[in-house]
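Each chain, written out:
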Amino acid sequence: MTQRAETESDGPGPRGDGGAGGSGTAGSGTAGSGTAGPGTPGSGTAGAHIDAGAELDPVHPVAPPAPRFEPRGLSTAEVAERVARGAVNDVPVRSSRSTADIVRANVFTRFNAIIGVLWVVMLCVAPLQDSLFGYVILANTGIGIIQELRAKKTLDSLAVIGEARPSVRRDGRTAEISTSEIVLDDVIELGPGDKVVVDGVVGEADGLEIDESLLTGEADPVLKRPGDPVMSGSFVVAGGGAFTATKVGREAYAAQLAEEATRFTLVHSELRSGISTILKYVTWMMIPTSIGLIVSQLVVKDNNLKDSIARTVGGIVPMIPEGLVLLTSVAFAIGVVRLGRKQCLVQELPAIEGLARVDVVCLDKTGTLTEGGMDVTELRPLAGAEPAHVKKVLGALGESDPRPNASLQAIIDAYPDSADWRCTESLPFSSARKYSGASFSEGDGENSTWLLGAPDVLLPTGDPALQEIDALNEQGLRVLLLARAARELDDEAVASGARPTALIVLEQRLRPEAADTLRYFADQKVHAKVISGDNAVSVGAVAGKLGLPGAENTVDARKMPAEQAGMAEVLDGNSVFGRVSPQQKRDMVGALQSRGHTVAMTGDGVNDVLALKDADIGVSMGSGSEATRAVAQIVLLDNSFATLPSVVAEGRRVIGNITRVATLFLTKTVYSVLLAVLVVCWQVEYPFLPRHLTLLSTLTIGVPAFFLALAPNKERARPHFVRRVMRYAVPGGVIAAVATFVTYLLARHHYTGPDSLPAETSAATLTLFLTSMWVLAIIARPYTWWRLVLVGAMAGAFLVVLAVPWLQDFFQLRLVGTPMPWAAVAIAAAASALIEVTFRWVDHRFPA
């Protein structure tokens, strides 16, 4: 190995040199991979130790040697020196948007720009009351910013709790530190489930298998040896080791990808995309309608300029459903805050919506239905094995694995190591092979190799011991087999011919809240599928204890069809599956999705990562591996399965309520556009000033929508958001516009004189208010006491405006005479009845 040079390079090494930054294991298919293989690793890193005077051929560049691996790690002085020169892993991993991004997203919107210009115009040409719509927008935007900042604070605080803390060697000691405290050349330890947080080169490897699928798309784990590069964003599936950090901070290309992938994002959401689609069409409708309105008011009628401008703006402003986008953001943000109080980290906001649409939830048994810990309840020697000898073997096996899983930890607790056996080679546990192993020098000159794992994997079909094991599995107990291998540990067929020595019976601890949670999903018509790598009979027994329907018909996944259609059919007909491999979990998610299901996957181990990544919604336990937390959209920090119903309920509240209030906003848009078209066609003055529509919007949409959007709602989320909203908004808006315009035309014939326009406007406003109130009354169903109070309060507020003289003057609303106001009420009543009939017909003719 090349000796350390006297001078260190502070600049980044050349690209494409097989370095850890933007590199991969040779032949692994990693984008940007070099040719670094065992023995010829490439680092190409900032701060890598390069021979003085070494030159690179510009045509055939030779990768510089890897940094020398220091098992003790850096000294305190070396760490301080690297911190001083900025060689620190300073990439900011954010769980939410920055404050500036939140303010920018809420302030600089297309519709705020339009309304802002119109507001400035109105401040110049009209009284203050005609500019009220601008202040309403300021208030709405402020509310949106405040709520998102609250959500950001919650997300950031929860992200700190769930942040990875890698184990780093310094001064010969190992300690957990924050990811941001890692410096160049730090020695970082790895174990099963650990995420590789920076790029580096392996220095120690003990059966180290790393999954790079999140970076390369290749599902098969890659066996790493000393000298091989590792990339940030990958994770350990088996074995352990240590590597030297060679790319930290922004210099690590893969780390930047990981940051982009795991930070808070507004990913695809049917609700958001549906609203965007609606707004796109609204914008296109607004342009010609507004031009026609401007021409008719300023040119054709030749009115007073300021009054014409005011009435033109009064026609344009209500076309804009600006509050709909704001209310959606507020509803999502409040959902994040509510879930944050329950120790639920929502890494992507639309995940709340996504889980509400889920109709199948796939549950991993270990860590989800059961708690992580186990207890050894019985040891059954086989074939005359001595119990004392078996306990000694089990103690040695426990000592051979520096990072034991839950099963092995229970064995370690029950059978401490006697320390007189020396481990010469070990085979870490892998979810794919379902066993681990170790070779020992027993101190008396004898060598032996032992395997510990799933009995139905290590034993041949028909072995007498399997009947005994099945009986134990039927009781919900977990059984491991200790077997003495007849082959070397590095032999691929090491399990072949292994001699059974003992059965270790383990009892799993059921989560106390699991039964109630499964019952909730059943009540909500969400199908639960238990998918586990454990023995199928044992998994079925656990599911049966929790009351899961169909638990008695457990399926062994090894006998399932490999093709997607056949697998989907089996999945639809059964609920419990055992002996599922990590790749099968992924295939099962895909098979369910091929049948049109929206699938959520829960898990806590590295064997769940591929399925979590492919599921519509991935849910990880906070105590799970860093890899699962990185790919999941939702992390249950308190490890409580009982939190899931809260997430589902929150999503249903958001979607159901936004669908409700969207109907209110878009009904207003439809009647505003149609009124403008009718005014242009009839060549009459636009009946409303901005103050009138500000009042109507506030009482029939703004205030009610805010309360309705945050109300409890357990209605199951349904697809086709745009269709479901527009099937009510279009007929409701058309009826309201026609009724209002008919009242306006009647009022123009009834009232005469130069000052008749205010009276005509008041009559038209009364009809539009009553009609809009009926739409609100329909949307508010089913009624509760507070919904009735809300509708009644809005009606009462309008009556107060009509009754109080100074409010009449402020809003320019005064009903003149008796016949015309009653005619307006009669037209509104007829329109309301027509809306009621139409909505019921729509429900019957176009069910959602």
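Residues numbered from 1 in each chain as written. Predicted model: local features only at pLDDT ≥ 70, side-chain atom pairs only at ≥ 80, totals over all residues. Heavy atoms only, no water.

Here's the deal with the pairing of strand 19 (residues 599-603)
The element strand 19 is largely enclosed, with a buried count of five among its five residues. Taking every second residue as pointing to the same face, both faces of strand 19 are buried, with Val599, Met601 and Gly603 on one and Ala600 and Thr602 on the other. Of the pairings in the sheet, the one linking strand 9 (residues 360-363) to strand 19 comprises four bridges and is parallel in character. Note that in strand 19 the partner of Val361 across the bridge is Ala600. Here strand 19 pairs with strand 20 (residues 617-621) via four bridges, running parallel. Residue Ala600 lies in a different strand from strand 20, and its bridge partner there is Ile617. (Buried < 20%, exposed > 50% of the residue type's maximum accessible area, 1.4 Å probe, protein only. Helix = DSSP H or I, 4+ residues; strand = E, 2+ residues; numbered from the N terminus. Pairing = 2+ DSSP bridges.)

Focus: the packing of aromatic side chains
Under the criterion given, the structure shown has nine aromatic pairs. Summarising the aromatic geometry, the rings of Phe810 and Phe811 are spaced 5.1 Å apart at their centres and angled 80° between planes, so their arrangement reads as edge-to-face. Phe810 gets classed as partly exposed once you look at its relative accessible area, which sits at 25%. Taking relative accessible area as the criterion, Phe811 reaches 10% and is therefore assigned buried. Three or more aromatic residues joined by ring pairs form one cluster here, namely Trp682, Phe741 and Tyr744. (Phe/Tyr/Trp six-rings, centres within 6.5 Å; stacked < 30°, edge-to-face > 60°.)

Some thoughts on a nonpolar patch on the surface
Together, Trp284, Ile287, Ile291, Ile294, Val295, Leu298, Val299 and Leu305 make up an exposed nonpolar region whose accessible area comes to about 770 Å². Residue contributions to the nonpolar patch peak at seven residues, all from helix 7 (residues 270-300). Locating Leu305 in the fold gives a position in helix 8 (residues 305-316). By relative accessible area, which is 56% here, Leu305 ends up exposed. (Patch = residues over 30% accessible without salt bridge, like charges linked within 9 Å, V, L, I, M, F, W, Y side chains within 5 Å. Areas by Shrake-Rupley, 256 points an atom, 1.4 Å probe, with all protein chains shown as cover. Salt bridge = Lys/Arg side-chain N within 4 Å of Asp/Glu carboxyl O.)

Some remarks on unusual backbone geometry
Cis rather than trans, the peptide bond between Arg781 and Pro782 has omega equal to -5°. Among the secondary structure elements, Pro782 is positioned in the loop between helix 24 (757-779) and helix 25 (785-803). Despite not being glycine, Gln343 shows a phi value in the positive range, around 60°. Locating Gln343 in the fold gives a position in the loop between helix 9 (322-340) and strand 8 (344-346). For Ala383, which is not glycine, the phi torsion reads 55° and is therefore positive. Mapped onto the secondary structure, Ala383 falls in the loop between strand 10 (370-381) and helix 11 (387-400).

Regarding helix 17 (residues 564-573)
Within helix 17, burial applies to Gly566, Met567, Ala568 and Leu571. Residues of helix 17 that are buried make contact with strand 16 (527-531), strand 18 (576-578) and helix 18 (582-594). (Contact = heavy atoms within 4.5 Å.)

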